[in-house]
Amino acid sequence: MHNIDIDVVEMTLDIAKYVINRITNTSPELGKPMREEDLKALVGETVTEEGIGGEKALQLFKDVLVKATVPIDHPRHLAFVPASPSRAAVMFDLVTSASSIHGAYWMEGAGGIFCENEAMKWLVSLTGLPEGSFGVFTSGGTAANLSAMVTAREHWRRQATNQGKKGLIITSIGAHSSIKAMAQVIDVDVHLVDSEDRLLGGDLSNAINDLSPEQRQRLFAVVATGGTTNAGIVDELDGVAKVCKKENLWFHVDAAYGGGALAADSVRHLFNGIEEADSITIDPHKWLFSPYDCGAVIYKEPELAKKAHSQEGSYLDIFKDEGARGFNPADYQIQLTRRVRGLPLWFSLAMHGTAKYKWAVECGIALAKSAARMIEEDPNLELVREPGLSCVLYRRKGWTPDDYKEWTFKNHKDGFALVTPTKWKNGDTYETVSRFCFINPDTTEDDIKAILDSM
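As a starting point, this report considers the structure included with it. Since the model is a prediction, treat every value here as computed from it, not as a measurement. (Residues numbered from 1 in each chain as written. Predicted model: local features only at pLDDT ≥ 70, side-chain atom pairs only at ≥ 80, totals over all residues. Heavy atoms only, no water.)

**A short note on the overall build of the chain**
Stated formally: A run of H or I in DSSP counts as a helix once it spans at least four residues, and a run of E counts as a strand once it spans at least two, with each numbered from the N terminus. Throughout, radius of gyration means the C-alpha value; the globule benchmark is 2.2 Å times the number of residues raised to the power 0.38. With a 1.4 Å probe rolled over the protein chains alone, any residue whose accessible area is under 20% of its type maximum counts as buried; one over 50% counts as exposed, and the rest are partly exposed. To measure how exposed things are, a 1.4 Å probe is used in the Shrake-Rupley method; for residues, cover is taken only from the protein chains shown. Charge counting follows a simple rule: Lys and Arg are positive, Asp and Glu are negative, and His as well as the terminal groups are ignored. By convention, the charge on Lys lies at NZ, on Arg at CZ, on Asp at CG and on Glu at CD.
Looking only at helices and strands, the chain has 16 helices and 11 strands in total. Compactness check: the chain gives a C-alpha radius of gyration of 23 Å against a globular reference of 23 Å for 455 residues, within 12% of the reference. Once the C-alpha set of the chain is aligned to its principal axes, its extents read approximately 70 × 65 × 45 Å. Within the span of the chain, comprising 455 residues, buried residues form 51% of the whole. Carbon and sulfur atoms make up 52% of the accessible area of the chain, which amounts to about 21300 Å² in all. Seen as two clouds, the 48 positive and the 63 negative side-chain charges of the chain have centres 3 Å apart.

**Considering the pattern of salt bridges**
Oppositely charged side chains can pair when the atoms bearing their charge come close. What counts here: Should a side-chain nitrogen of Lys or Arg be within 4 Å of a carboxyl oxygen of Asp or Glu, the pair is scored as a salt bridge.
Counting across every chain of the model gives 27 salt bridges. As a salt-bridge pair, Arg 22 and Asp 73 come within 2.6 Å of each other at their nearest N and O atoms. Taken together, the residues Arg 22 in helix H1 (residues 6-23) and Asp 73 in the loop between helix H3 (54-65) and helix H4 (87-99) connect sequence positions 51 residues apart. Overall, the relative accessible area of 23% leaves Arg 22 in the partly exposed class.

**A word on the side chain of Thr 432**
The criterion, for reference: It only takes one pair of heavy atoms within 4.5 Å for two residues to be counted as in contact.
Structurally, the position occupied by Thr 432 is in strand E11 (residues 429-437). A residue is classified by how much of its surface remains accessible, and Thr 432, at 14% relative accessible area, is buried. Setting aside chain neighbours within four positions, we find Thr 432 in contact with Pro 401, Tyr 404, Pro 421, Thr 422 and Lys 423.

**A short note on the pairing of strand E4 (residues 219-225)**
The side chains of a regular strand alternate, first on one face of the sheet and then on the other. Rule in force here: The criterion for strand pairing is that DSSP finds at least two bridges linking the strands in question. Look down the strands so they point away from you; if the path from the first strand over the helix to the second goes clockwise, the crossover is right-handed.
Counting buried residues along E4, seven of its seven residues qualify, which places the element largely inside the surrounding structure. Where strand E2 (residues 168-172) lies against E4, three bridges are found, and the strand directions are parallel. Residue pairing across strands places Ile 169 opposite Ala 221, the latter belonging to E4. The pairing of E4 with strand E5 (residues 250-255) spans five bridges and is classified as parallel. Bridging across to E5, Ala 224 finds its partner in Val 253. Between E4 and its parallel partner E5, the chain crosses via helix H10 (residues 237-247), and the hand of that crossover is right-handed.

**A look at the packing of aromatic side chains**
To keep it simple, the criterion reads: Two rings from Phe, Tyr or Trp (for Trp, the six-membered ring) form a pair when their centres sit within 6.5 Å of each other. Planes less than 30 degrees apart are called stacked, planes more than 60 degrees apart edge-to-face, and all others tilted.
Per the counting criterion, the structure on display carries 14 aromatic pairs. Ring geometry for Trp 122 and Tyr 357: centres 5.7 Å apart, planes at 75 degrees, overall edge-to-face. Separated by 235 residues along the polypeptide, Trp 122 in helix H5 (residues 106-127) and Tyr 357 in helix H14 (residues 354-377) bring together distant segments of the chain. Owing to a relative accessible area of 4%, Tyr 357 belongs among the buried residues under this scheme. Each ring, one from Phe 327 and one from Tyr 332, has its centre 4.9 Å from the other, and the planes form 10 degrees; the classification is stacked.

**Some details on a negative patch on the surface**
As a reminder of what qualifies: Patch membership is restricted to residues that have no salt bridge and whose relative accessible area is over 30%. Joining uses 9 Å for like charges and 5 Å for the nonpolar side chains Val, Leu, Ile, Met, Phe, Trp and Tyr.
On the surface, Asp 5, Asp 7, Glu 10, Asp 14 and Glu 55 cluster together into a patch of negative charge. Broken down by element, the residue count for the negative patch peaks at three residues, all from H1. By secondary structure assignment, the location of Glu 10 is in helix H1.

**Here we look at the nonpolar core**
Heads up, the rule is: Among buried residues, the Ala, Val, Leu, Ile, Met, Phe, Trp, Tyr and Cys ones that are joined through side-chain atoms within 4.5 Å form a nonpolar core.
Membership of the largest hydrophobic core comes to 71 residues, with the highest contact counts inside it found for Leu 123, Ile 170, Phe 251 and Trp 287. Residue contributions to this core peak at eight residues, all from H5. Other than its neighbours up to four places away in sequence, Trp 287 contacts Tyr 257, Gly 258, Gly 260, Ala 261, Val 361, Gly 364, Ile 365, Leu 389, Ser 390, Phe 438 and Ile 439. The next biggest cluster of nonpolar side chains, apart from the first, holds 21 residues, and it includes Ala 368, Leu 381, Tyr 394 and Val 419.

**Side note on the sheet that holds E5**
Selection rule: Inter-axis angles, ranging from 0 to 180 degrees, are taken between N-to-C directions of lines fitted to C-alpha atoms, where helices are fitted over the stretch in contact.
Taken together, the seven strands give an open sheet; going across it, the order is E1-E7-E6-E5-E4-E2-E3, and neighbouring strands pair in mixed fashion. Both edges of this open sheet fall to strand E1 (134-138) and strand E3 (189-193), since each of them pairs with a single strand only. Here the strands of the sheet are splayed against their neighbours by 20 degrees on average, with no regard to which way each runs. Docked against the sheet, helix H7 (residues 177-186) engages E2, E3, E4 and E5, running at close to 170 degrees with respect to E2.

Written out as C-alpha cells, the structure reads:
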C-alpha cells in the first residue's frame, strides 16, 4: 500500500478533481443524516481483508456518504457556529497533510512551526496583549480552554497553601459548554453567575462576595466570554479584568467564536479589556476562515504554560539540545502529538492579506444587522434582543417549541436550510426561540429573506 503505481496516480487525479469541484461550489448540496443501518445497507462492507479499491471507496463517499453530512460552509447553514474556510486554506490543508510534518517540536517541524508562528503573531496583535505574549494552535476551543485552565491551576498550586486543594472557577451561565466539561476533566468546581446576559464587573464582585470563606480560598480563575455561542454577547471585559486584578485571580477570556471579531473595526471596542487577560481562546476554524480543526490559546506569560505542560521523557531529551532548540508547541498545551494545524491559516493570510480578513468578518456583522431589520419589518416575527456580533435571536409569534422543531426538520429534509432553535433565559424560565449565526460571506440577504418567509 506504500507503492507508487498507476492506481495511486489515478486515485490522486480523481481526488484532485473532487476537491476542485467541491471548493468551487458556492452552494453545495445540504445533506442530511441517515440511520447507521440505512447507510450500511447502501454501502455494504467497506473495510475487508482484500480491500474494495480506491475507486469504489471514493465513489461510495461521493454518491452516498458525503450526502449524509451537512457542509459547514453552505450559505444557508446558519445553525450552531458554522464555518466558511477560504479556498486557499482548504487547498493548503491538503498540502499540510501531504507534507507529513510533526508539529510538536522545532527539531522536526521548524519550517511549518515558523509559518504557524507568523499567523500567531497576527492573532496576538489583534488582542492588544503586551510584548512577550504568545500562543499555540490547538484542536479547538475545548482544548484551548483546557490548556489555559491547567496553566492557571498549576500556577495557583505553586503556592504551598494551595497544594492539595480542589480549585474553583467562576463563569456565567452564558459561557460555552466546554467550560463545565473542561472543569470536570481537571477536577475543579464551577460557580455560575446566574445571568445569560453580559457579565459585568459588578456581577462578578457580587458573586465573589457571596462565596463562603472556604470557597474564596479555592477560587483561582474567572472565565469571561468574548462572544457567547448562543447570542454573541461580549462580557464587560475591562470590568471583569479590574476585579480579577483586585482579587489576584487568573483572567481567562473564551473568545472561541467571537475572537474573529477582534479584526472588525466596527465592534473592536466591545472587547476593551481583553488586553488584560492572562489567557485567551480563539478558534480560527470558526470566524477566521480556517478548516477544522484549528483553535488557538494565547498567554500573557507563555513561560507559565511551559511550566505546566512541558513533558519529560528520555526520548524527548534531544529536543532540549542546543542543536534542536526553537519554539516547541507541545510545551504550551495539552497535546504532544500534533499536526501543524495553523498552516492553512498562515497560507490564506499570506495569500490574501489581513485587510481581506477584516472585510470578511465585517460581512457576518452586516448580515446580522440586515436580518434584524427584516425581522423587525415582519409582523409575524420579533427580535428577542439586539444582534450580538453575528448572532441573531428572534421569535415567531404564536409558535410553540414543537413548531420550531418541526420547521427546522422540514427545511433540512427539503435541502433548503439548516436553522435550529435554542433557548433564551427570560426571567425564571427558558423560552424556545430561533437563532441565526452568520459566518459565511457567501450568504446573501435573499437567503435570509427566504428562510424568514418559510416561517
